[in-house]
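Chain residues, written in single-letter form:
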Amino acid sequence: MEDTELHTVSFKLNGHVQVLQVAPRRSLTHVLDQECGMKSARVGCGQGDCGSCTVSVDGVPIRGCLLFAVQADGADIRTAEALADPAMLAAIRKAFKKHRAIQCGYCTPGFMILAEYILRNALPLDQAVQTLSANLCRCTGYSPIVSAVTELLALRAENGCGP
Amino acid sequence: MIGRSVDRLEDDDLLRANTRFVGSLAFEDMLHMHVVRSPYAHARLKTVIVDKAAMAPGVIAVWVGNDIRDLSPIGFRRVPDRDLLQYRQRLMALEELRYVGEPVAIVLATDPYLAEDAGRLVAIDAEILPPVLDCEPRPDSRSEPLLRGRNEIARIEKGYGDIEAAFAAADHKISISCQIARQTAVPLETRGAIAVPHAHAAGFDLYGAAKVPHANRQELAKILSLDIDSVVLREGHAGGGFGVRGELYPEDVLVAFAALRLGRPVKWIEDRSEHFLAINHSRDQMIHLDAAVSEGGVIAGLHARLATDQGAYLRTHEIKVSDLSCAFLPGPYRIPAYRATATVHLTNKTPCGTYRAPGRFEATFAMERMIDAIAAALALDPVEVRRRNLISAAEMPFERKIEATGKRVVYDSGDYRQTLETAIEAFDLPELRRAAEERRREGECVGIGVAMFVEKTDTALHETVRLELASDGKIEIVTGTSSLGQGMETALTQIAADGLGLPMDAFRLVRGQTDRIAQSGGTFASRTTLMAGSAIHEASRIFRQKLIEVSAALYGVTTGEVTVHGEGCCIDGRSLNLLQLRAALDTAAPDTQLVAEADFSSGAMACPYGVHIAQVKVDPDDLSVMVEKYHIAYEIGRAVNPDLVRAQLLGGAVQGIGGALMEEISFSADGQPLTISFAHYVTPRTVDVPAFDILVLEDWPSPTNPLGLKGAGEGGINAAGAAVAAAVEDAFGATIAPRRLPITPKSLFDLLARTDSAHTRASWPARQGSATEWDSHFRNAADDTSSFCRGINPAR
């Protein structure tokens, strides 16, 4: 329990370099929420099961609650507040709203991160559904989220923007 | 605006994480609370040694039960029987530990990690006792002081009609035993609370409130001996409710106590393992039914015996769930004679409370399983048995002649037969069945299940709302009801916009702030749209009149020359928006308040109802059940926002599919919880979700309120257990009858293994058997996870 020694951590958060002094046992989610003011960084279980804490680290969705902030040193982190592609972020927001993919909204940022990953990698629908099953939602019954992502994938295919 | 599926007002903030979930809130000088919990299911508590913890880094205070002896336990919101008050839970344990997770000590520290570190230094010296883990009577139990020699603490009796005569005259007596496992809601946000003491007087603001802020304010003030106005509850965002979130729990009182004592803000955020130990559990009922049935499948009498494992204490909802099960078990069926006896049992498990469709998910499961059992026994179509027993439209409003939690059960309106036929046609049930049968012939294990249900929208408490022209020109809709994700801000604003004839952006909804409105019943039992919506409907009528009068006076015209129009009003041909009107008022008559308050109460509950049809496929190798398609027809009277109603039904149904197939909280033989994470408590994921077809019907507006509304929140989950179980039964060609939820692969394996010997099993004891005889049979059934206990005794 003696881990009060602080370590310097530097990562890129939503395009801006952050330099922080953190204790080694702080989770990335706690640091993003409490030190960096990212309200989308939320703990749902702290055990890696629910995915409410999902953030994008070097382009891959990860469980922020299972990563110590010190492990993110040098990483490129994106949260649901500011995905890398603003047009894609706007499209995801629009589709989630249109398909009623939000109820209480607690899990929503995590699902937005998954949606962005699915779109960026143009995953086929069955893989997209599998990917979305990484996270838990207790309100919507998921199918509105799947509908939103399905529509986004279709729009993406129409617009012909491949990776 | 009523009836339109407009976009949700809530979504932009949620999509931009412009949110006020309690976990992300912080206050200057804030301390963090950690709760040290009982590691034992049952023990005599000798001492709690806190010296080491108190010396640990960052620790400001450590308190145990003895330090707050004078604080009374959290009370019931209604008191059904004063005798039950003795079973309330103390804020922290004193002499006895009664479940794993019971609060024993609290640590206050400058940092949440340090508080938890110090918590590990608290030593609990206790003498371990054998736990009580089921509903059996235990005369020799060492827990006698708690359990009065047996763990049954309450008995509920309801009924009407001549049940003995019904059984004496019946062609058949059909009996089934059903069981619904212990489950809970698991909202994605765990609980949390921050108490911020007031600077110059005794009192505090409590953040993290939800569901019933006004009731909780009153109880907090009472326990902490404060003036009610010095306790202010503040709701921000809440990450799901489903009945469990927002009840008053020991932790809420403890943060307030600590904040008052230390004069600093105190924050507590539950972790997920704590959540599984500490938040209300629910379900956990055994229901045995005997039906007196005619040759044609008509039920002449129904005798229900229920046993609820309530956990270690009675919380805010006391024994209400068992009461609701008894009251709503007859469902949409006429059933001329009915008798229900429910026993409530204390055990060394987490206390239970309400969870979405409390008592009804359980009761509908048992009742619908009975209808299917009658159909199987008499070789009738299960849909036809339903038809023959449904209450007819001519009998509406239907007086059930029993009470639910002290209120008469009257089904307000509807045509159950019509809705059933509408569902059969809309979802093409004959084709669903034909296709399933064909797939079964080809070797697949596919089945269709039908279930019906009656819900209730609670109107037990009245509801006050206020409309008020704010300084920025918005009309504030002030309500004490609560946003739990259901979209109530949108629905209530639609009702206000409709009532005033102004666009939705003319309004701002203020919710869950107890210093902004004097009264509210809160958000539960699907009541918010009906109760707050009806009050808003009336308030908007008053506000409209006042708006006209004030405008007329301001401009020296008659009221006839003012119309509410556009974005404000039109005065003698001149358009004025609300901001301009506010500015004009501020100049000419600054004391003029444009405010309208209205209160709505209703003597009668509204009863939405519906039909669920499930299609399942069972994997022959691993016996996992996949729900392929799910259909819901739901009569809501009038849908304020049909998309939001569908969203409630869909989300509820998926939660119900979890309850039907996956979710179970279990304990080891020594009372240790085995379900303390989402890895143990399996809930549906994307891959488990079926295709949905949802029909929102508005054929029968409720006569209980001016807009004809019925609630939306619980119709999706209510019959899900029943429909899925019926579909599984059908998938196996009715060779098995699943009567225990959840239907896991293991339970199906056991059921199938017993199929051969099933018909030779002892049938249920003859009707009117003694309690002891029945208890022993119930116990055997409970031990038998297959619950395959159908016995058919011709009554004559």
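Residues numbered from 1 in each chain as written. Chains lettered and ligands numbered in written order. Predicted model: local features only at pLDDT ≥ 70, side-chain atom pairs only at ≥ 80, totals over all residues. Heavy atoms only, no water.

Student: Before we go on, may I ask you to explain unusual backbone geometry in this structure?
Tutor: The bulk of non-glycine residues show a negative phi, and the bulk of peptide bonds are trans. Following B:Met396, the chain continues to B:Pro397 via a peptide bond in cis, the omega torsion being -5°. Positionally, B:Pro397 belongs in the loop between α11 (382-389) and β16 (398-404). A cis amide bond, omega 0°, links B:Leu741 with the succeeding residue B:Pro742. Along the chain, B:Pro742 falls in the loop between β29 (740-741) and α19 (745-758). One non-glycine residue with positive phi stands out, namely A:Asn14, at about 50°. If you trace the backbone, A:Asn14 turns up in the loop between β1 (7-13) and β2 (16-22). Classification of A:Asn14 as buried rests on a relative accessible area of 12%. (Helix = DSSP H or I, 4+ residues; strand = E, 2+ residues; numbered from the N terminus. Buried < 20%, exposed > 50% of the residue type's maximum accessible area, 1.4 Å probe, protein only.)

Student: Looking at this structure, I do not really get the interface of chain A and chain B. What am I missing?
Tutor: Where the parts come together, the accessible area they lose is often given as the size of the interface. Opposite the 45 residues of chain A that make contact, chain B presents 56 residues. Surface buried jointly by chain A and chain B totals about 4,300 Å² across both partners, of which 56% is contributed by carbon and sulfur atoms. For the interface between chain A and chain B, the tally reads 6 salt bridges. A salt bridge links A:Arg138 to B:Glu663; its shortest N-O distance comes to 2.7 Å. For the pair chain A and chain B, the interface holds 28 residue pairs in polar contact (both at pLDDT 80 or more). Looking at the side of chain A that touches chain B, the elements that each hand over two or more residues are α1 (28-35), α2 (86-98), α3 (108-120), α4 (125-132) and α5 (143-159) of chain A. (Contact = heavy atoms within 4.5 Å. Buried area = accessible area lost by both parts, 1.4 Å probe. Salt bridge = Lys/Arg side-chain N within 4 Å of Asp/Glu carboxyl O. Polar contact = N/O pair within 3.5 Å; in protein donor to acceptor, adjacent residues only side chain to side chain.)

Student: Quick question: what am I supposed to make of the domain arrangement of chain B here?
Tutor: Residue and element names in this part refer to chain B. If you check the domain split of chain B, you get domain 1 (11-129 + 190-237 + 245-278), domain 2 (157-184 + 279-458 + 605-794) and domain 3 (463-600). Each side of the interface is counted separately: domain 2 has 18 residues, and domain 3 has 17 residues. Of the roughly 1,400 Å² buried at the junction of domain 2 and domain 3 (both faces included), carbon and sulfur atoms supply 65%. Taken as a group, Asp458, Val640 and Leu707 account for 36% of the area that domain 2 buries against domain 3, more than any other trio of residues on that side. Our count for the contact surface shared by domain 2 and domain 3 stands at 0 salt bridges. The interface formed by domain 2 and domain 3 includes 5 residue pairs in polar contact (both at pLDDT 80 or more). (Domains from an automatic or database assignment.)

Student: Sorry, what's going on with the packing of aromatic side chains here?
Tutor: Any pair of aromatic rings gets described here by the distance separating the centres and the angle formed by the planes. Tallied over the full model, the rule gives 13 aromatic pairs over all chains. Their ring planes at 70° and their centres at 5.1 Å tell us that B:Trp63 and B:Phe257 sit as a pair that is edge-to-face. Of the two residues, B:Trp63 is situated in strand β3 (residues 59-64) and B:Phe257 in helix α7 (residues 250-262); the sequence distance between them amounts to 194 residues. Assessed through its relative accessible area of 8%, B:Phe257 is described here as buried. Through pairs of rings, three or more aromatic residues link up here, namely B:Phe398, B:Tyr411, B:Tyr416 and B:Tyr609. Here the basic side chain of A:Arg26 rests over the ring of B:Tyr113, its NZ or CZ set 4.1 Å away from the ring centre. (Phe/Tyr/Trp six-rings, centres within 6.5 Å; stacked < 30°, edge-to-face > 60°. Lys NZ or Arg CZ within 6 Å of the ring centre and 35° of its normal.)

Student: Is there a simple way to explain the domain arrangement of chain A in this structure?
Tutor: Residues and elements named next belong to chain A. By domain assignment, chain A separates into domain 1 (7-78) and domain 2 (86-159). Taken together, the contacts link 16 residues of domain 1 with 12 residues of domain 2. Inspection of the domain 1/domain 2 interface yields 9 residue pairs in polar contact (both at pLDDT 80 or more). Elements with a contribution of two residues or more to the side of domain 1 that touches domain 2: β3 (54-57) and β4 (60-63).

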